[in-house]
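One letter stands for each residue in the lines below.
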Amino acid sequence: MSERTTAEVAMMAGVSVATIRKWKKRGDLPSAPIGRPGMGRGNECMWDEAASQEVIARANERRSTGFRRPRP
């Protein structure tokens, strides 16, 4: 099983890295990984296959509806 960076997952889903970070902060991605210190200024998240698919499904959900999802 390979892990992907946030940038790679964003490219696969067709959204920006900032969008994924926003979804993660809001709690829209329950299986999102916790960041770990790495190179650069901040923490890097490594996404497994299940978490990557969750991001892609979330991106497709937002595109297909055309409306913002109401907050719970």
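Structural notes, computed from the coordinates. (Residues numbered from 1 in each chain as written. Predicted model: local features only at pLDDT ≥ 70, side-chain atom pairs only at ≥ 80, totals over all residues. Heavy atoms only, no water.)

The complete set of buried residues in helix α1 (residues 6-13) reads Thr6, Val9, Ala10 and Ala13. One side of α1 carries all its buried residues, which in axial view fall inside an arc of 100°. Within two residues after α1, Gly14 carries a phi angle of roughly 80°, on the positive side. (Buried < 20%, exposed > 50% of the residue type's maximum accessible area, 1.4 Å probe, protein only. Helix = DSSP H or I, 4+ residues; strand = E, 2+ residues; numbered from the N terminus. Arc of directions from axis to C-beta.)

For Arg4, the position within the fold is in strand β1 (residues 4-5). Residue classification places Arg4 among the buried positions, given a relative accessible area of 18%. Setting aside its immediate chain neighbours within four residues, Arg4 contacts Val9, Met12, Cys45, Met46, Trp47, Glu49 and Ser52. (Contact = heavy atoms within 4.5 Å.)

Next up on the list: the pattern of salt bridges. Under the criterion given, the structure shown has four salt bridges. The partner of Arg4 in a salt bridge is Glu49, with the nearest N and O atoms 2.9 Å apart. Here Glu49 lies in helix α3 (residues 49-65) and Arg4 lies in strand β1, a separation of 45 residues in the sequence. Of the residues examined, Glu49 reaches a relative accessible area of 32% and is grouped as partly exposed. Note that Arg58 is salt-bridged to Asp28, the shortest N-O span being 2.9 Å. With Arg58 in helix α3 and Asp28 in the loop between α2 (17-26) and β2 (36-37), this residue pair connects regions lying 30 residues apart in the sequence. Residues Arg58 and Asp28 agree in their burial class; the two are buried. Residues joined in a network through salt bridges with shared partners are Arg26, Asp28, Arg58 and Glu61. (Salt bridge = Lys/Arg side-chain N within 4 Å of Asp/Glu carboxyl O.)

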